[in-house]
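A closer look at the structure
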Amino acid sequence: MSRAAALILLLALSTCAPRPPQGDERLVLRVGWKGSPDTLNPGTAVLAEAYTLFELVYDSLYDLELDGSFRLSLAERAESSADGRTWTFHLRPGIAFHDGHPLSAGDVAFSYRLYREHADFPYLNTYTRHFESIEAPDSLTVLLRLDEPVPNLPSRLVFLYVLPAHLWAAHAEGNAAAEFGNEAMVGSGPFRLVRYRQNEYVQLAANLGHFAFPPRIREVIFQTYRNEDALVQALRTGQVDMITELPNTAVRALTGDPKVHFVQGAPFSPEATDIAINQLAPEHCPREEGGRCTGHPALRNLAVRRALAHAVDKRTLIDVVLLGLGTPGLTLIPDGLGDWFNRSLTDLAHDPETSRRILDEAGYLDRDGDEIREMPGDGRPLVFRLNWPNDLPEAPRMAELLAQMWRPIGISTRLQAVDPDALTAQCCPAFDYDLMIWSWDSDPDPNLLLGVMTTREIATGTSESGYANPAYDLLFEEQSRETNPVRRHELVWRLQQLAFDDVVYIVPYYARARQAYRVDRFQGWIIDQPRLALEDVSSLVRIEPVAVTAAPAVQP
């Protein structure tokens, strides 16, 4: 896009977001990002932008800190029984929802039961597995009973947002919960929703009566820019005060701008950029849930998946796509999760000749001389659809490079960028794709991403790959119950080895978080912690306007 076109788009987008009264401008933070929440319903949300808003608008029993640790939030005290199956949480008194209604233990119990009873909630339902009962014996006490000890309970509770029962009760049964738009999004967090227009902006106002973190600003507006050049230009011209992401190509320009500070670091939610491979077997197609199951049958063959993996030059992808700001990937568990990451794995070497040999031995030959191999038997050519969400800045260049890497081994690709919501619909549980570039944000515990590859998640829409391995399923259940940290660590590593050997995904890299903010608008950003997330509540409740220095008086 030309600079003129980018500026036209910038001006058009800047008129979409609401403008506060002139006197409040210094207390209004404007954040630019390329995405938009897919829904305001915590039960059905998939995209990271939605969870960014949930962290600001809702509270939970625990908060996740930038160093990866957990801190009690709504609860001021927690107690566990000797067998680890009964937990008692004592809530802080005097907490209210944004509409003034008191928040009680009954709201916590209602929310947990809602998440537990709806299997169509793709993520939050999984956190409630093993929740046998949730009770509120009084307004400040939550009693949680488990059917077995859960080794990572705080990491499950941190994302179980407490919803107002008086507003959600009418939508709790059947399909109503998943269909509820939650347009008011009433929570108890440091910010409350004012206005929302999908793919345009989200306007939040400060909850100055928050029990722990009343913000020092009055509003924050998340403004969507669909072009990365316009996003960077918006920061440089002062249309926005901070951007949550930026292309690597803009790093040099921003580091030379005296009004802008560029920061990089490990993502707050460690991220794995992945190439998902639709390997769903016909017998596992979830047709009752809308499965179309049109994946190329060759991808069900481990030999083909291994050939694809050997042909991927991860170092080139890191150098070209990320300009060096990343590390080679291995599994969905990113290296940012510390000891949970299986660093003993040995990656498949970049070796196109090995790819060709594997395909030859498996009977995938170029029989018609068009330089594209065909399947043995029916002769279907190895032409794979390669899709990606159009709000993932690095994906187009990666897709081009992957196509170039796979063509010499006799595999052709059809490249297409897709709207994120449309791509989600194509993916899970429709399985109407072949290959897909996307990314996963990790929980602080590996359980969620390991669970993505279990057979039972195929029908829920959580599994993207359709991978089904009984041995993996059994091992996953074992680690989810193991309370001995040393033994559980061993099981988590074994699961990663199994998924790696079966080439469930090709993980090209783990990217560094890249963000930037204007130094002349707000100060107090949290940039000295092990992980980086300027859009996290930790920064947004602490930042304040940069002090304006008065001009010296002119002497007569």
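Structure: above.
1. Examining the sheet that holds strand 14 (residues 326-328)
- In spatial order, the strands read 14-18-13-17-15-16; together these 6 strands make up an open sheet with mixed pairing. The two strands at the open ends of the sheet, each matched to only one other strand, are strand 14 and strand 16 (412-418). Taking the axes of each pair of neighbouring strands and ignoring which way they run, one obtains an average angle of 25° across the sheet.
- Relative to strand 16, strand 15 (residues 383-389) runs parallel, the two being bridged by 7 bridges. Of the residues in strand 16, the one forming a bridge with Arg385 is Arg414.
- The sheet strands contacting helix 10 (residues 302-310) are strand 13 (271-277), strand 15, strand 17 (435-441) and strand 18 (505-511), and the helix crosses strand 18 at an angle near 30°.

2. Some words on the sheet that holds strand 4 (residues 75-80)
- On the basis of which strands lie adjacent, the open sheet formed by 4 strands has the order 4-5-7-6 and antiparallel pairing. Since the sheet does not close on itself, it has two edges, and those belong to strand 4 and strand 6 (131-138), each with one partner. Strand-to-strand twist across the sheet, computed as the mean angle between neighbouring axes with direction ignored, equals 20°.
- Where strand 4 meets strand 5 (residues 86-91), 5 bridges bridge the pair, whose relative direction is antiparallel. What sits directly across from Arg77, in strand 5, is His90.
- This element, helix 3 (residues 105-117), spans strand 5, strand 6 and strand 7 (141-146) of the sheet and lies at about 165° to strand 6.

3. Observations concerning the pairing of strand 15
- With 6 of 7 residues buried, strand 15 is to be regarded as a mostly interior element.
- A crossover connection joins strand 15 to the parallel strand 16 through helix 13 (residues 395-406); in handedness this β-α-β unit is right-handed.
- Of the strand pairs in this sheet, strand 15 and strand 17 are connected by 2 bridges, and their pairing is parallel. Note on strand 17: the bridge partner recorded for Asn387 is Met436.

4. Describing the packing of helix 11 (residues 314-321) against helix 13
- Axis separation between helix 11 and helix 13 bottoms out at 10 Å; the angle between their running directions is 150°. In terms of their interaxial angle, helix 11 and helix 13 are classed as roughly antiparallel. The element helix 11 and its partner helix 13 pack so that their crossing is right-handed. Residues Thr316, Leu317, Val320 and Val321 of helix 11 form the contact with helix 13, whose own contacting residues are Arg397, Met398, Leu401, Leu402 and Met405.

5. A look at the pairing of strand 17
- With respect to burial, strand 17 is a largely interior element, 5 of its 7 residues being buried.
- Here 7 bridges tie strand 13 to strand 17, and the two strands are oriented antiparallel to one another. Across the sheet, the residue bridging to Ala276 is Met436, located in strand 17.

6. Concerning the nonpolar core
- Judged by nonpolar contacts, the single largest core of 154 residues is most densely connected at Leu61, Phe89, Leu157, Leu204, Phe222, Leu402 and Trp406.
- Setting aside residues no more than four positions away along its own chain, Phe222 makes contact with Val31, Trp33, Thr52, Leu53, Leu56, Glu200, Tyr201, Val202, Leu204, Glu535 and Leu540.
- Of all hydrophobic cores here, the second largest spans 16 residues; its members include Val232, Leu246, Phe262 and Leu325.

7. A look at helix 11
- Where helix 11 is concerned, the buried positions are Lys314, Leu317, Ile318 and Val321. For helix 11, the angular spread of the buried residues around the axis is 100°, confining them to a single face.
- If you follow the buried residues of helix 11, they end up packed against strand 14, helix 13 and strand 18.
- Capping the start of helix 11 is the job of one residue whose side-chain oxygen sits 3.3 Å from the backbone nitrogen of Arg315: Asp313.

8. As for unusual backbone geometry
- Residues Cys428 and Pro429 are joined by a peptide bond in cis, for which omega reads 5°.
- Topologically, Pro429 is positioned in the loop between helix 14 (420-427) and strand 17.
- For Asn199, which is not a glycine, the phi torsion comes out positive at approximately 65°.
- Structurally, the position occupied by Asn199 is in the loop between strand 8 (191-197) and strand 9 (201-206).
- Positive phi is not limited to glycine here, since Val503 has a value of about 50°.
- Its place among the elements puts Val503 in the loop between helix 17 (485-501) and strand 18.

What counts, and where the lines are drawn
- Residues numbered from 1 in each chain as written.
- Predicted model: local features only at pLDDT ≥ 70, side-chain atom pairs only at ≥ 80, totals over all residues.
- Heavy atoms only, no water.
- Pairing = 2+ DSSP bridges.
- Helix = DSSP H or I, 4+ residues; strand = E, 2+ residues; numbered from the N terminus.
- Axes fitted to C-alpha atoms, helices over the stretch in contact; angles between N-to-C directions.
- Contact = heavy atoms within 4.5 Å.
- Buried < 20%, exposed > 50% of the residue type's maximum accessible area, 1.4 Å probe, protein only.
- Right-handed = clockwise from strand over helix to strand, strands pointing away.
- Parallel < 35°, antiparallel > 145°, perpendicular 65-115°, else oblique.
- Left-handed = near helix turned anticlockwise from the far one by under 90°.
- Core = buried A, V, L, I, M, F, W, Y, C linked by side-chain atoms within 4.5 Å.
- Arc of directions from axis to C-beta.
- Polar contact = N/O pair within 3.5 Å; in protein donor to acceptor, adjacent residues only side chain to side chain.

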